[in-house]
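# Observations on chain architecture
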Amino acid sequence: MKSLAITCLSTLMLMPSLGLTETLGEADIRRDIIGKTVYLSTPLGGELPLIFRSSGTVDGNGQAIGLGRYVKPSDTGQWWIDANRLCQKFQSWNKGKPMCFELERAGANTIKWTRDNGKTGVARIGD
């Protein structure tokens, strides 16, 4: 019986390393994302901070990663939750079109996101 308990405990401890993830639902998103800054990892290195305010606004600032060379370096928009997906619409980023993301827990303060167009990435959740 003792060896069965140790085996079960060992299996549970290995599950995150096996790539098993937990999809975030609406309550998880509200608890873990809203009111915090989410730092999106960028393909060229660096992080793009997005602040999801409890008022329903989202602020982004890409100045530190040189976003101003390509688009407006900072932008403000709205966020909402639809069918357990975090959605956002900025004033100018993404041409002002809405985008939604399915989020999966990938670590204590890390999430994996999948955008409605199929693109994926990771982000770090800060304060």
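Remember, predicted model here, so these are calculated numbers, not experimental data.

### Some points on the state of the cysteines
One pass over the structure, following the stated rule, counts 1 disulfide. What pairs with Cys87 in a disulfide is Cys100, and their sulfur atoms sit 2.0 Å apart. Here the disulfide of Cys87 and Cys100 is right-handed, its torsion about the S-S bond being about 105 degrees. One end of the pair, Cys87, is in strand β6 (residues 85-90); the other, Cys100, is in strand β7 (residues 99-107), with 13 residues separating them in the sequence. For the pair shown, Cys87 and Cys100 are each scored as buried.

### Concerning the confidence of the model for the protein chain
It should be kept in mind that the predicted coordinates are not to be read in detail where pLDDT is low. Mean pLDDT for the protein chain: 83, with 77% of residues reaching 70 or above. Low confidence marks residues 1-18, where pLDDT is under 50. Its contacts with residues over four positions away, or in another chain, come to 1 contact.

### Some remarks on the packing of aromatic side chains
Between two aromatic rings, the relevant description is the distance of the centres plus the angle of the planes. Tallying each qualifying case throughout the model produces 2 aromatic pairs. Summarising the aromatic geometry, the rings of Phe90 and Trp93 are spaced 4.8 Å apart at their centres and angled 50 degrees between planes, so their arrangement reads as tilted. For the pair shown, Phe90 and Trp93 are each scored as buried. Relative to Trp113, the ring of Phe101 lies with its centre 5.6 Å away and its plane at 85 degrees, an arrangement referred to as edge-to-face. One end of the pair, Phe101, is in strand β7; the other, Trp113, is in strand β8 (residues 110-115), with 12 residues separating them in the sequence. For Trp113, a relative accessible area of 14% translates into the label buried. We note Arg124 situated over the ring of Tyr39; from NZ or CZ to the ring centre the distance is 4.2 Å.

### Remarks on the nonpolar core
Core analysis: the biggest nonpolar cluster contains 22 residues, and Ile29, Ile33, Phe52, Leu86, Leu103 and Ile111 have the highest contact counts within it. The set of elements that each furnish at least two residues to this core consists of β2 (37-41), β3 (47-52), β5 (74-82), β6, β7, β8 and β9 (120-125). Dropping the residues within four chain positions of it, Ile29 is found in contact with Leu24, Ile34, Ile81, Asn84, Arg85, Leu86 and Leu103.

### Brief notes about the pairing of β3
Remark: a regular strand shows side chains that alternate across the two faces of the sheet. Burial along β3 is one-sided: Leu48, Leu50 and Phe52 are buried, while Glu47, Pro49 and Ile51, pointing the other way, are not. As judged from the 5 bridges shared by β2 and β3, these two strands associate in the antiparallel manner. Its bridge partner lying in β3, Tyr39 is registered against Pro49. With 3 bridges joining them, β3 and strand β4 (residues 57-61) adopt antiparallel strand pairing. Across the sheet, the residue bridging to Phe52 is Val58, located in β4. Taking the residues that link successive antiparallel strands as the turn, the β3-β4 hairpin has 4 residues, and the phi of Gly56 there is positive, at about 100 degrees.

Conventions we followed
- Residues numbered from 1 in each chain as written.
- Predicted model: local features only at pLDDT ≥ 70, side-chain atom pairs only at ≥ 80, totals over all residues.
- Heavy atoms only, no water.
- Disulfide = S-S within 2.5 Å.
- Helix = DSSP H or I, 4+ residues; strand = E, 2+ residues; numbered from the N terminus.
- Buried < 20%, exposed > 50% of the residue type's maximum accessible area, 1.4 Å probe, protein only.
- pLDDT = per-residue confidence, 0-100.
- Contact = heavy atoms within 4.5 Å.
- Phe/Tyr/Trp six-rings, centres within 6.5 Å; stacked < 30°, edge-to-face > 60°.
- Lys NZ or Arg CZ within 6 Å of the ring centre and 35° of its normal.
- Core = buried A, V, L, I, M, F, W, Y, C linked by side-chain atoms within 4.5 Å.
- Pairing = 2+ DSSP bridges.

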